[in-house]
Amino acid sequence: MTTISKAHQLLAATMLFFGTLTLQSCLDDDNDNYQYAFPNALVTVKQTENQTLFLQLDDHTTLLPVNVKESPFGDKEVRALVNYNEVNEPCEGYDQAIHINWIDSILTKPMVPNLAEENDQVYGKDPVEIVNDWVTIAEDGYLTLRFRTRWGGEATHFVNLISTNNPENPYEVEFRHNAYGDLYGMTGDGLVAFRLNQLPDTQGETVKLRLKWNSFSGEKSAEFDYCTR
């Protein structure tokens, strides 16, 4: 199970607005710098069996980078923020050829087991707000969330996603946050993506995925359109 530091989360929030120039293109002027500073897509970074790198833009669209041949994240499949341009080059088997200007991964992790009466002790129940933002989305078999909480810098925070084991709704999940008492600092945002392959297969149908979380004003919920990858 993965912990998450204040520094990692503040970096992720900064990426939303300024971009982390991991793969820098040649920029000519201030206008270009501004254009390339922001992410213009949230993607899944994947590789084929023969190690061809490609990006999954949404449930259906695939992008083939022509200027990056190997994943900067090794063999790991991760969600990432990216700034890219479409280019007119061959992309047989893919929907669009692209040039990556920069790309940076976000915390990507599986769901964790529901531990029943031990959930509060292990996963915590500290408050967060889920931010209604373009990166808060269910797609390509992941639930990606931008969340907001207080960071005092005194402890490493711990975020997870569990199934509620609701017999009436197998697509109900809960976001859990354990701040280990570190809830008295500045407000900041984080990004995390959870792989949803532990949920029942939707058999090609689109269903409503219900997310629950403990906010600063009590329990809240939201629904997302979800189809198994």
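Calculation notes
- Each chain carries its own residue numbering, running from 1 in the written order of its sequence.
- Only residues with pLDDT of at least 70 get local features here, since the model is predicted, and only at 80 or more are side-chain atom pairs given and counted; chain-wide, interface and lining totals rely on the full set of residues.
- In computing side-chain values, all of the structure's heavy atoms are included and hydrogens and water are not.
- For two strands to be treated as a pair, DSSP must find no fewer than two bridges joining them.
- Working definition: helices are DSSP H or I runs of at least four residues, strands are E runs of at least two. Numbering for both runs from the N terminus.
- Each axis is a line fitted through C-alpha atoms, taken for helices only over the stretch in contact, and angles between the N-to-C directions span 0 to 180 degrees.
- When accessible area is computed with a 1.4 Å probe and restricted to protein chains, residues below 20% of their type maximum are described as buried, those above 50% as exposed, and intermediate ones as partly exposed.
- Two N or O atoms form a polar contact when they lie within 3.5 Å of each other; inside protein one atom must be a possible hydrogen donor and the other a possible acceptor, and for residues adjacent in sequence the pair counts only when both atoms belong to side chains.
- Contact criterion: two residues are considered in contact whenever any of their non-hydrogen atoms come within 4.5 Å of each other.
- Nonpolar core, defined: a set of buried Ala, Val, Leu, Ile, Met, Phe, Trp, Tyr and Cys residues in which side-chain atoms within 4.5 Å join the residues together.

Asks: Help me understand the sheet that holds strand β14 (residues 218-226), please; the structure alone is not making it clear to me.
Replies: Hydrogen bonds along the backbone pair up the strands of a sheet, which may run parallel or antiparallel. Taken together, the 4 strands give an open sheet; going across it, the order is β10-β11-β13-β14, and neighbouring strands pair in mixed fashion. Of all the strands in the sheet, just β10 (158-163) and β14 have a single pairing partner and so form its edges. Sheet twist, expressed as the mean angle between neighbouring strand axes with direction ignored, is 25°. Across 3 bridges, strand β11 (residues 172-178) lies against strand β13 (residues 207-215) in parallel orientation. By the bridge assignment, Glu172 is partnered in β13 with Arg210.

Asks: Could you clarify how one ought to interpret the sheet that holds strand β4 (residues 78-86) in this entry?
Replies: With mixed pairing, the 5 strands of this closed barrel are ordered in space as β1-β2-β3-β5-β4. Pairs of neighbouring strands in the sheet enclose a mean axial angle of 55°, with direction left out of account. Pairing geometry for strand β1 (residues 41-47) and strand β2 (residues 53-56), over 4 bridges, is antiparallel. Bridged to Thr44 within β2 is Gln56.

Asks: Just to check I follow, could you spell out the pairing of β1 for this structure?
Replies: Put simply, side chains in a regular strand alternate between the two faces of the sheet. The element β1 is largely enclosed, with a buried count of 6 among its 7 residues. For β1 and β4, the ladder comprises 5 bridges, and the chain directions are antiparallel. Bridging across to β4, Val45 finds its partner in Val78. Hairpin connection between β1 and β2: a loop of 5 residues separates the two successive antiparallel strands, and Gln51 in this loop has a positive phi of roughly 70°.

Asks: Would you mind going over the side chain of Thr136 with me for this structure?
Replies: One can find Thr136 in the loop between β7 (129-130) and β8 (137-139). The buried category is assigned to Thr136, whose relative accessible area is 13%. Here Arg146 takes part through its backbone nitrogen, which lies 3.2 Å from a polar atom of the side chain of Thr136. Setting aside anything within four residues of it in sequence, one finds Thr136 in contact with Ile130, Val131, Thr144, Leu145, Arg146 and Phe224.

Asks: Even after reading the chapter, I still don't get the nonpolar core, so can you show me in this structure?
Replies: Most often, soluble globular proteins have nonpolar side chains that are buried together. Leu143, Leu145, Leu161, Phe175, Leu209 and Leu211 are the most contacted members of the largest nonpolar core, which has 23 residues in total. Counting only elements with at least two residues in this core, the list comes to β9 (142-151), β10, β11, β12 (186-195), β13 and β14. Of all the elements, β9 adds the most residues to this core, at 4 residues. Not counting the four nearest positions on each side in its chain, Leu161 is found in contact with Met111, Val112, Leu143, Val173, Glu174, Phe175, Phe194, Leu196 and Leu211. Counting residues in each nonpolar core, the second largest holds 15 residues, with Leu55, Val68, Val82 and Ile100 among its members.

Asks: Is there a simple way to explain the side chain of Arg79 in this structure?
Replies: Relative to the assigned elements, Arg79 resides in strand β4. Among the polar contacts listed, one links the side chain of Arg79 to the side chain of Thr144, at a separation of 3.2 Å. Setting aside residues up to four positions removed in sequence, Arg79 forms contacts with Leu42, Val43, Thr44, Ser105, Ile106, Thr108, Ile137, Glu139, Asp140, Tyr142, Thr144 and Ala193.

Asks: Got a minute to help me understand unusual backbone geometry in this structure?
Replies: When glycine is set aside, most residues are seen to have a negative phi, and most peptide bonds are trans. Despite not being glycine, Asp140 has its phi angle at roughly 50°, a positive value. Along the chain, Asp140 turns up in the loop between β8 and β9. The backbone of Asn165 sits at a positive phi, close to 55°, despite the residue not being glycine. Relative to the helices and strands, Asn165 resides in the loop between β10 and β11. Assessed through its relative accessible area of 54%, Asn165 is described here as exposed.

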